[in-house]
Amino acid sequence: MAQKSIQLSIVTPEGAVFDGEATFVAFPAYDGETGILPGHSPLLTQMGIGVLRAKLADGSATAVYVDGGFAQVTVDGKQLTILTEQSRPVEGFTFDEADALLASAKEHTGVSDLEVEARDAAAQRARVARQLAQKAYDAL
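The notes below deal with the structure included here. None of these values were measured; they are calculated from a predicted model.

**Describing the side chain of Ser 9**
For step 1, the next point in the chain: Note on placement: Ser 9 falls in strand 1 (residues 6–12).
For step 2, the next point in the chain: Polar contacts involving the side chain of Ser 9 include one to the side chain of Asp 19, which spans 2.8 Å.
For step 3, the next point in the chain: For Ser 9, the contacting residues outside a window of four places in its chain are Phe 18, Asp 19, Gln 79, Leu 80, Thr 81 and Ile 82.

**Considerations on the pattern of salt bridges**
For step 1, the next point in the chain: All told, the structure shown has three salt bridges when counted by the stated rule.
For step 2, the next point in the chain: Notably, a salt bridge pairs Arg 53 with Glu 33, separated by 2.6 Å at the nearest N-O pair. Of this pair, Arg 53 sits in strand 5 (residues 49–56) while Glu 33 sits in strand 3 (residues 32–36), and the two are 20 residues apart along the sequence.
For step 3, the next point in the chain: For Arg 53, a relative accessible area of 38% gives the class partly exposed.
For step 4, the next point in the chain: Classification of Glu 33 by relative accessible area gives exposed; the value is 53%.
For step 5, the next point in the chain: Of the charged contacts, one joins Arg 125 and Asp 67 as a salt bridge, the two residues approaching to 2.7 Å between their closest N and O atoms.

**Some thoughts on the nonpolar core**
For step 1, the next point in the chain: Counting 18 residues, the largest nonpolar core has Leu 8, Val 25, Phe 27, Ile 36, Leu 52, Leu 80 and Ile 82 as the members making the most contacts within it.
For step 2, the next point in the chain: Only strand 1, strand 2 (15–29), strand 5, strand 6 (61–67), strand 7 (70–73) and strand 8 (79–83) provide two or more residues apiece to this core.
For step 3, the next point in the chain: If you tally residues by element for this core, the top one is strand 2, at four residues.

**Side note on the side chain of Ser 87**
For step 1, the next point in the chain: Tracing the sequence through the fold places Ser 87 in strand 9 (residues 87–89).
For step 2, the next point in the chain: A polar side-chain atom of Ser 87 sits 3.4 Å from the main-chain carbonyl oxygen of Tyr 65.
For step 3, the next point in the chain: Contacts of Ser 87, omitting those with residues within four sequence positions, involve Ile 10, Thr 12, Val 17, Val 64, Tyr 65 and Val 66.

**Overview of the pairing of strand 1**
For step 1, the next point in the chain: With six of its seven residues buried, strand 1 lies for the most part within the structure.
For step 2, the next point in the chain: Two strands pair when backbone bridges link them, and strand 1 and strand 2 are joined in this way by seven bridges, in the antiparallel orientation. The residue bridging Leu 8 from the neighbouring strand is Gly 20, located in strand 2.
For step 3, the next point in the chain: Adjacent in sequence and paired antiparallel, strand 1 and strand 2 are bridged by two residues.
For step 4, the next point in the chain: Pairing analysis gives five bridges linking strand 1 to strand 8, with the strands arranged parallel. Pairing of Ser 9 across the sheet is with Thr 81, part of strand 8.

**Describing a nonpolar patch on the surface**
For step 1, the next point in the chain: Side chains of Leu 44, Phe 70 and Leu 83 sit close together on the surface and give an oily, nonpolar patch of about 330 Å² of accessible area.
For step 2, the next point in the chain: Inspection of the secondary structure puts Leu 83 in strand 8.

**Focus on the pairing of strand 2**
For step 1, the next point in the chain: Pairing of strand 2 with strand 5 involves four bridges; the strand directions are antiparallel. Paired with Val 25 across the bridge in strand 5 is Ala 54.
For step 2, the next point in the chain: As defined by bridge partners, strand 2 adjoins strand 3 across five bridges and the pair is classed as antiparallel. Bridge pairing in strand 3 links Val 25 to Ile 36.
For step 3, the next point in the chain: What sits between strand 2 and strand 3 in their antiparallel hairpin is a turn of two residues.

Basis of the calculations
Residues numbered from 1 in each chain as written. Predicted model: local features only at pLDDT ≥ 70, side-chain atom pairs only at ≥ 80, totals over all residues. Heavy atoms only, no water. Helix = DSSP H or I, 4+ residues; strand = E, 2+ residues; numbered from the N terminus. Polar contact = N/O pair within 3.5 Å; in protein donor to acceptor, adjacent residues only side chain to side chain. Contact = heavy atoms within 4.5 Å. Salt bridge = Lys/Arg side-chain N within 4 Å of Asp/Glu carboxyl O. Buried < 20%, exposed > 50% of the residue type's maximum accessible area, 1.4 Å probe, protein only. Core = buried A, V, L, I, M, F, W, Y, C linked by side-chain atoms within 4.5 Å. Pairing = 2+ DSSP bridges. Patch = residues over 30% accessible without salt bridge, like charges linked within 9 Å, V, L, I, M, F, W, Y side chains within 5 Å. Areas by Shrake-Rupley, 256 points an atom, 1.4 Å probe, with all protein chains shown as cover.

Printed below as a string of C-alpha cells:
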C-alpha cells in the first residue's frame, strides 16, 4: 500500500522547530527547489536560502523561512529531516529588515572565494526577506 505521508522534522541549532506529518514538502535546495512526496527515494542534499512549503496531513499548509543547512530523506522514504541554521515563520518580515540585510550584504567587499560566498548568501537573504515583506504588505 502506498505511503500517505512523510514525517517532517525541521531542526535548528536552538532545537526542533517543527515535527509532524506532511503529504508534500518543497524546499530550496542549493541548486534549485526540491519537492518531496511520501515514499521518496533516499536523498541527502545541501539546502539553499528561501521558503520551505509543506502540505500537512491534516489538510492545512505551512511555510517557513530556512537559511541553508541540509535535507535528508531516509532509506525507507518515511522521514524528511531538515537541518537549518535558522527557521522562522514567513509572516513578520519587514522592509526595514530586508534593507538591513541588503546593507549587510554590501559590506562584504572581499574577493576570496569565502568572501564572495558570504556576500552571495547575504544578498539571497535580503532578496527573500524583501519578497516576504512584499507579500505581507500586499496582504494588508
